[in-house]
Amino acid sequence: MHYFQYKNGELFCEEVPVKEIVSSVGTPVYIYSARTISRHFRVFDEAFSGVSHLVCYSVKANSNVAILRLLARLGAGADIVSGGELARALKAGIPADKIVFSGVGKTPEEMKAALEAGILMFNVESLDELEVLSEVASSLGKRAPFALRVNPNVDPKTHPYITTGLKKNKFGIPEEQAIEAYKKTKDHPFLYPIGLDAHIGSQLTSVSPFVDALKRLKAIWEEVISFGIELKYLDMGGGLGIVYRDEEPPPPKEYAEALIREAKELSATLILEPGRVIVGNAGVLITKVLYTKENGFKKFVIVDAAMNDLIRPSLYQAYHEIIPVEEKDGGKEVVDVVGPICESGDFFARERKLPVLKRGDLLAIMSAGAYGFVMSSNYNSRLRPPEVLVDGDKFYVIRRRESIFDLLALESIPVNYV
Ligand SMILES: *Cc1c(COP(=O)(O)O)cnc(C)c1O
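Engineer: Can you lay out the overall build of the chain for me, pointing to particular residues and giving the numbers?
Structural biologist: Scanning the chain from N- to C-terminus turns up 12 helices and 20 strands. Taken over the C-alpha trace, the chain has a radius of gyration of 23 Å; the compact-globule value for 418 residues is 22 Å, and the two agree within 12%. For the C-alpha atoms alone, the extent of the chain along its principal axes is close to 70 × 65 × 40 Å. Taking all 418 residues of the chain together, 57% fall into the buried category. Nonlocal contacts in the chain, meaning residues at least 24 apart in sequence, comprise 69% of its contacts between residues at least 6 apart. A total accessible area of about 18500 Å² is found for the chain, and carbon and sulfur atoms account for 51% of it. Side chains of the chain give 50 positive and 55 negative charges; the mean places of these two sets differ by 3 Å.

Engineer: Could you give me a rundown of helix 8 (residues 208-225), with the residues and numbers involved?
Structural biologist: Because an α-helix packs 3.6 residues into every turn, residues spaced three or four apart end up facing the same way. For helix 8, which comprises 18 residues, the first-to-last C-alpha distance of 26 Å matches the rise-based estimate of 26 Å (1.5 Å per residue) to within 8%. Close packing links the buried residues of helix 8 with helix 7 (175-184), strand 10 (191-197), strand 11 (233-235) and helix 9 (252-263).

Engineer: Would you mind going over the domain arrangement of the chain in detail, with residue names and values included?
Structural biologist: On domain assignment, one finds that the chain holds domain 1 (4-32 + 280-408) and domain 2 (103-272). The gap between the C-alpha centroids of domain 1 and domain 2 is 36 Å. Note on domain 1 versus domain 2: buried area summed over both sides is about 820 Å², and carbon and sulfur give 58% of it. Three residues stand out in domain 1 for area buried against domain 2, namely Asn 281, Tyr 316 and Tyr 319, and they jointly supply 55% of the buried area on that side. There are 0 salt bridges connecting domain 1 and domain 2. At the junction of domain 1 with domain 2, the criterion picks out 0 residue pairs in polar contact (both at pLDDT 80 or more). Across the side of domain 1 that touches domain 2, the residue classes tally to 4 nonpolar, 5 polar and 2 charged.

Engineer: So what about the packing of aromatic side chains? Which residues, and what values?
Structural biologist: A full pass over the atoms with the stated rule returns 8 aromatic pairs. Consider the rings of Tyr 30 and Tyr 32, whose centres lie 6.2 Å apart with planes at 25 degrees: the pair is stacked. The pair formed by Tyr 30 and Tyr 32 is uniform in burial state, with each residue classed as buried. It is Lys 106 that lies over the ring of Phe 101; its NZ or CZ is 5.6 Å from the centre. The ring of Phe 347 has Arg 350 sitting right over it, with the charged end atom 3.9 Å from the ring centre.

Engineer: Mind laying out the pattern of salt bridges, listing which residues take part and the relevant values?
Structural biologist: For the structure on display, the rule yields 22 salt bridges. Residues Arg 216 and Glu 175 are paired through a salt bridge, measuring 2.5 Å at the closest nitrogen-oxygen approach. In this pair, Arg 216 sits in helix 8 while Glu 175 sits in helix 7, placing the two residues 41 residues apart along the sequence. Since its relative accessible area comes to 34%, Arg 216 is described here as partly exposed. Residue classification places Glu 175 among the buried positions, given a relative accessible area of 13%. What emerges from the salt-bridge pattern is a single network uniting Lys 215, Lys 218, Glu 262 and Glu 265.

About the criteria used
- Residues numbered from 1 in each chain as written.
- Predicted model: local features only at pLDDT ≥ 70, side-chain atom pairs only at ≥ 80, totals over all residues.
- Heavy atoms only, no water.
- Helix = DSSP H or I, 4+ residues; strand = E, 2+ residues; numbered from the N terminus.
- Rg over C-alpha atoms; globule rule 2.2 N^0.38 Å.
- Buried < 20%, exposed > 50% of the residue type's maximum accessible area, 1.4 Å probe, protein only.
- Contact = heavy atoms within 4.5 Å.
- Areas by Shrake-Rupley, 256 points an atom, 1.4 Å probe, with all protein chains shown as cover.
- Lys, Arg positive; Asp, Glu negative; His and termini not counted.
- Charge placed at Lys NZ, Arg CZ, Asp CG, Glu CD.
- Expected span 1.5 Å × (residues − 1).
- Domains from an automatic or database assignment.
- Buried area = accessible area lost by both parts, 1.4 Å probe.
- Salt bridge = Lys/Arg side-chain N within 4 Å of Asp/Glu carboxyl O.
- Polar contact = N/O pair within 3.5 Å; in protein donor to acceptor, adjacent residues only side chain to side chain.
- Nonpolar A, V, L, I, M, F, W, Y, C, P; charged D, E, K, R; others polar.
- Phe/Tyr/Trp six-rings, centres within 6.5 Å; stacked < 30°, edge-to-face > 60°.
- Lys NZ or Arg CZ within 6 Å of the ring centre and 35° of its normal.

This is the structure we're talking about:
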């Protein structure tokens, strides 16, 4: 669900007409609904209210500091994957002791920053990484709290690029190795084993892979505690899917009940790392039709947003619903909606039935709140779009549009160079 709807034939975000935002900041522009984000977070959090738990929002899904602040106020923790995300989470006011640090390639500098901040735990993804974490902790005279991310080898049945829990994926540690590693860290001076973690993929539309993974985790958990190691946190990762088109993902309640049923014997504190399900449907990308053209074979609608602004269709063949900002009666036609970039992969929709469009029409690319702006780039030297947060009848620019000055700010031509 979300709070983007037509009123008298015109698209609104909550109480604000999309056209009003466009006349103030132009296109393309990302628009997020605060009410949708809050609602999604609350529903998710409340689904786990029967058990000790912590919801660590996955910052990489949408990392704007204003969104992180909104989630911080609702009591969210954060799942981060870089030093940059650590800085964002702290700036937004997310308490360090609600932050978990995931990712296969943490650098010693990132570990140091996280240890100094006092994060809840590191989700360690290799034995090499565990060794480096121990060295960094030792240099600071600290004990690093950690969970091992295991690879439970279950198939989440999602797009191959966002499948992470299979043996062929780069993520996590095989079960047997993980158990051996836990054994070695018992009473370790610089390492403090407190959790167990898995994250099997993204955009999952059924609970069974989560339950299968949890069964594997339970077996490992029981073996590890049999060594006298007191694990506390069972981190189930993120990955719950959303509706882009006609998917039928389980509601958070059903997901939570399945996990709670399976995990309750362990008396663990559950950690969840949802990203997409919190922000995905809470954002849209608004773009303007620049031109239309027909080549006798196909009709193209060329818009002012491109794959550099929203890469999901190009990268994952992802489907995003596209609707006109002003409702249109009359005929429909089949078109390709494409951006200005010099790549044939630069499209938002192919062979899509849309109302007949003309120059200047505004379109809303729906469900663009997760893995949208955060994956944007300056490819083709395009200026990244602004981000706007709507709350009730007010809207706030939470990131301004980039300028040519921003574009060139970090580059220099060496003095005396040709
Ligand atoms: C990406 C990621 C998430 C969030 O995934 P969603 O599908 O957006 O919920 C959670 N945990 C880890 C480790 C991740 O890499």
